[in-house]
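One letter stands for each residue in the lines below.
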Amino acid sequence: MSDFYDRLTPFYHLIHQDWHASVALQGEQLGKLIDAEWPGKRKLLDVSCGIGTQAIGLARRGFSVSASDLSEKEIERARREAILAGASVGLSVCDMRRAHDHHGGGFDIVLSCDNSLPHLLTDDDLLIALRQMFACLAPGGGFLMSMRDYAREERGVNLVKPYGARTEDGKRYVLFQVWDFAGEHYDLTFYFIEEDLASQAVQTHAMRSRYYAISTDKMCALMREAGFDKVRRIDDAFYQPILVGTRPA
């Protein structure tokens, strides 16, 4: 999994039409949701921060943010992006299954967005991660994650998911994913076709990973098993469904 994101790092922002606008928008959306669910909670841990999309957005909105990711290259880029954005984010490399071992406890909020948890391919691994995140929280603290709604996704092979085209620094990038399902898991290849508009030279970058197509209902059940209370799904607040839970006071 870390190799997938290490290779994706230089292209990561291209997933968004305008990454900087996404940082601001997602920070606003998540900030409002956190304030509504857990008023006054400001000490936040992002356990799958990528290049900082949510962590930077929330730091710029006044949250005290620590953030980590399994990919060392993404953390290196997140550090650069945070400096450019004037955001204070404590960044480190960590597997979310070791979140409490690495970060310790006492956080008001633990966050994992962008369908990161379904990279863990078994219920046992998901429970390990969720229990670690639970342990990171102070009593009364909240957990918030976003994930794909796999109940609405077609199953099969050669499923193409287009992301569109982007132009940047004299180059055009065409992005798409191809999914191949095998039971409750699927293999994903993310293609970035890079065209130099001056020379018309073309090269293809392909990154591969595997996901667990777990339902939001089953993820909620695992959250409850990990100890979370008041677990529920929230729709239409973010670009993916949001699942929330609270560590009992």
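Structural data are supplied above this passage.
Below or above, wherever it landed, is the structure these notes cover. Remember, predicted model here, so these are calculated numbers, not experimental data. (Residues numbered from 1 in each chain as written. Predicted model: local features only at pLDDT ≥ 70, side-chain atom pairs only at ≥ 80, totals over all residues. Heavy atoms only, no water.)

Considering the pattern of salt bridges
Taken as a whole and judged by the stated rule, the model has 15 salt bridges. As a salt-bridge pair, Arg97 and Asp125 come within 2.9 Å of each other at their nearest N and O atoms. Residue Arg97 is found in the loop between β3 (89-93) and α5 (99-103), and its partner Asp125 is found in helix α6 (residues 123-136); the two are separated by 28 residues along the sequence. The partner of Arg210 in a salt bridge is Asp187, and the shortest N-O contact between them spans 2.8 Å. Within this pair, whereas Arg210 is found in strand β9 (residues 202-212), its partner Asp187 is found in strand β8 (residues 185-196), the two being separated by 23 residues in sequence. Judged by its relative accessible area of 33%, Arg210 is partly exposed. (Salt bridge = Lys/Arg side-chain N within 4 Å of Asp/Glu carboxyl O. Helix = DSSP H or I, 4+ residues; strand = E, 2+ residues; numbered from the N terminus. Buried < 20%, exposed > 50% of the residue type's maximum accessible area, 1.4 Å probe, protein only.)

Digging into the side chain of His185
Residue placement: His185 occurs in strand β8. At 2.7 Å, the side chain of His185 and the backbone oxygen of Leu121 are in polar contact. Setting aside residues up to four positions removed in sequence, His185 forms contacts with Leu121, Asp180, Arg210, Tyr211 and Tyr212. (Polar contact = N/O pair within 3.5 Å; in protein donor to acceptor, adjacent residues only side chain to side chain. Contact = heavy atoms within 4.5 Å.)

Here's the deal with the sheet that holds β8
Backbone hydrogen bonds are what pair the strands of a sheet, in a parallel or an antiparallel way. The sheet built from four strands is open, its strands ordered β6-β7-β8-β9 with antiparallel pairing. The open sheet has two edge strands, β6 (159-168) and β9, and neither has a second partner. Looking at each pair of strands side by side, their axes are set apart by 15° on average, direction ignored. The sheet contact formed by strand β7 (residues 171-182) and β8 spans 12 bridges and is antiparallel. When the sheet's bridge partners are listed, Val174 is paired in β8 with Ile193. (Pairing = 2+ DSSP bridges. Axes fitted to C-alpha atoms, helices over the stretch in contact; angles between N-to-C directions.)

Looking at the sheet that holds strand β10 (residues 229-234)
With respect to topology, seven strands assemble into an open sheet ordered β3-β2-β1-β4-β5-β11-β10, the strand pairing being mixed. Edge positions in the open sheet fall to β3 and β10, since each of these has one partner strand only. In this sheet, adjacent strand axes meet at a mean angle of 15° when their direction is disregarded. Relative to strand β2 (residues 64-69), strand β1 (residues 43-46) runs parallel, the two being bridged by four bridges. Among the inter-strand pairings, Leu44 is bridged to a residue of β2, identified as Val65.

Purely spatial values, then, with no claim about function.
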